[in-house]
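Geometric and topological summary
Chain by chain, the residues:
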Amino acid sequence: MFRLKRMRASLLTLLFCLALTASCSAQARRQVGADEPVAVVAGRPIYQQDLMSVAGPGLLDLRKQEFKLKSDALNQLIRKKLIEVEAKKKSLSTEELLKQEVDSKVAEPSDDKAKGYYLAVKDQTTLPFDQIKSQVKQLLRNAEIEQGREKYADSLRDKNEVSILLQPPVVQVDYDPARVKGNADAPITIVEFADFQCPFCSKVQPPLNDVLAKYKGKVKLAYMDFPLSQIHLHAEMAAEASRCALAQGKYWEMHDAMFADQSKLDEADLVKIAASLGMDQNSFESCLKSGRYKTAVQQDVQAGSQAGVSATPTFLINGEFLSGAHSDADFINIIDRQLSASSGKG
């Protein structure tokens, strides 16, 4: 079964590479520039950037799949190199080293373990357990050896310097510097696409604030509106309200207040929040009723869609995607890696 899984994975990899090769071959024949149309309908052109608003999430998924294939392959090659280095230190062949350090320490599976595995996959064979018991045991032992060899190779990283230079796919978007929290010159920028009525967006605010405090001066947060108007009736108005607050110099105060109580996002409540924050109530109410920032909010939505955003909250950490309500540890892992990579390049 393990071999079958590997064969299926290899086949999928081969098909992906063949498709990629065909794509590259086609692109080699003719590259379409970003400023050239990809189609013309009744005299009206369609450009590359127009495709992104529809195909952005799908194209991003393909890039993530490509990165995963490369990352998995890289890990295999790193393990191979580490084992070769260790074998050379001990004047052994790689196979001799693995047999000594791993294979010899893997015991034969018990009858009960083999029987349990057999019962789990019984629908895949008509042969009785006693007839194939030895093969089942060997299969389980081989699987344990394979896992053991991977763990052993990974343990060798502590003895050797390993630098991972392969980077995940990144997407850059233009954000509004007026809606940025933190040091404007910080080397790490978190661009957040969120919805003021989204409960998951509210849930992620405390971890975000913790991250900004932990990396003070090194990380800044840029907010982008991505109201999911079809399911959150007040989201778009709340986004416009944040812009009205920005006009009075109270953007982040309004931002925090709306996330703090998402049950009060209708027009009357938004006006009350503005007044409680010291804004000019009449000016704020007039701004909100005018809809003057409706287009600006939709520009954020369009930028997010073109980048591959399809849900909230979604974060671009120096262009690297992180989607969903994550803990501060998830942000920290990416930020530390990016800071380390930046330091290494420096």
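In what follows, the accompanying structure is described. Quick caveat: nothing in here was measured; it's all calculated off a predicted structure.

Calculation notes
Residues numbered from 1 in each chain as written. Predicted model: local features only at pLDDT ≥ 70, side-chain atom pairs only at ≥ 80, totals over all residues. Heavy atoms only, no water. Pairing = 2+ DSSP bridges. Helix = DSSP H or I, 4+ residues; strand = E, 2+ residues; numbered from the N terminus. Contact = heavy atoms within 4.5 Å. Axes fitted to C-alpha atoms, helices over the stretch in contact; angles between N-to-C directions. Disulfide = S-S within 2.5 Å. Parallel < 35°, antiparallel > 145°, perpendicular 65-115°, else oblique. Nonpolar A, V, L, I, M, F, W, Y, C, P; charged D, E, K, R; others polar. Buried < 20%, exposed > 50% of the residue type's maximum accessible area, 1.4 Å probe, protein only.

It is worth spelling out the sheet that holds strand β5 (residues 219–225) at this point. Taken in spatial order, the five strands line up as β3-β5-β4-β6-β7 in an open sheet, and their pairing is mixed. Two strands in the sheet have a free side with no partner beyond their single neighbour: β3 (180–181) and β7 (320–323). The strands touched by helix α12 (residues 294–307) are β4 (188–194), β5 and β7; relative to β5, the strand with the most contacts, the crossing angle is about 110 degrees.

Okay, the state of the cysteines next. According to the stated counting rule, one finds one disulfide in the structure shown. In this model, Cys244 is linked to Cys287 through a disulfide, with the two sulfur atoms separated by 2.1 Å. Because the sign of the S-S torsion sets the handedness, a value of about -85 degrees for the bond joining Cys244 and Cys287 places this disulfide among the left-handed ones. Taken as a pair, Cys244 in helix α8 (residues 235–247) and Cys287 in helix α11 (residues 281–290) lie far apart in primary sequence, 43 residues in all.

Looking now at the packing of α8 against helix α9 (residues 251–260). At a closest axis distance of 7 Å, the pairing of α8 and α9 adopts a crossing angle of 150 degrees. Judged by the inter-axis angle, α8 sits roughly antiparallel to α9. Seen from α8, the contacting residues are Ala238, Ala241, Ser242, Ala245 and Leu246; seen from α9, they are Tyr251, Met254 and Met258. Within the contact of α8 with α9, the residues separate by chemical class into seven nonpolar, one polar and no charged.

Looking now at unusual backbone geometry. Cis rather than trans, the peptide bond between Thr312 and Pro313 has omega equal to -10 degrees. Mapped onto the elements, Pro313 comes out in the loop between α12 and β6 (314–317). A positive phi angle, near 50 degrees, is found at Ala42, a position not held by glycine. The residue Ala42 is located in the loop between β1 (37–41) and β2 (44–47) in this model. A relative accessible area of 81% places Ala42 in the exposed class. Backbone geometry places Asn318, a non-glycine residue, at a positive phi of 50 degrees. By the element assignment, Asn318 lies in the loop between β6 and β7.

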